[in-house]
Amino acid sequence: VQLQASGGGSAQVGGSLRLSCTASGSVYGFGTMGWYRQAPGMQRELVASISRGGGTVKYADSVQGRFFIYRENAKGTVYLQMDSLKPEDTAVYYCHVVSVLDDRDKYWGQGTLVTVSS
């Protein structure tokens, strides 16, 4: 399984960015997909996740109401729409995918940097 993330970059406070991550390498598709982030000196934390069918969505309290996760299963792609960005959103964002066959098999993307400045 390979993950290719894109969409990171710089934004000003209050601005928006959209991250995307395309997974490939599984004819069965993918299970839960999500985004984590890691700021300098901090542990990696879950930002948002979405189940295969989209029925279960989770957000970190810090992004609730500002970020929106969605997926297109036909493309193997998960998106993270980030609005009302804050400086504390600055981090490296990592795509995360769980195998649909065995939820012990998990995969990480290469990380994409998001920088929010005032």
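Our subject is the structure that appears above.
Residues numbered from 1 in each chain as written. Predicted model: local features only at pLDDT ≥ 70, side-chain atom pairs only at ≥ 80, totals over all residues. Heavy atoms only, no water.

> What am I meant to see in the nonpolar core here?
The biggest cluster of nonpolar side chains holds 28 residues, and the ones touching the most others in it are Trp35, Leu80, Met82 and Tyr93. Mapped onto this core, the elements with two or more residues apiece are strand E1 (2–6), strand E3 (17–24), strand E4 (30–38), strand E5 (45–50), strand E7 (67–72), strand E8 (77–82), strand E9 (91–99) and strand E11 (112–117). Setting aside residues no more than four positions away along its own chain, tyrosine 93 makes contact with Leu19, Trp35, Tyr36, Arg37, Val47, Phe67, Leu80, Met82, Gly111, Thr112 and Val114. (Core = buried A, V, L, I, M, F, W, Y, C linked by side-chain atoms within 4.5 Å. Buried < 20%, exposed > 50% of the residue type's maximum accessible area, 1.4 Å probe, protein only. Helix = DSSP H or I, 4+ residues; strand = E, 2+ residues; numbered from the N terminus. Contact = heavy atoms within 4.5 Å.)

> Please explain the side chain of threonine 77 as it appears in this structure.
Position of threonine 77 relative to the elements: it lies in strand E8. On the basis of relative accessible area, threonine 77 is assigned to the buried category, the value being 4%. Separated by 2.9 Å, the side chains of threonine 77 and threonine 22 make a polar contact. One polar contact links the side chain of threonine 77 to the main-chain carbonyl oxygen of lysine 75, over a distance of 3.1 Å. Excluding its chain neighbours within four sequence positions, the residues that come into contact with threonine 77 are Ser20, Cys21, Thr22, Met33, Tyr70, Arg71 and Glu72. (Polar contact = N/O pair within 3.5 Å; in protein donor to acceptor, adjacent residues only side chain to side chain.)

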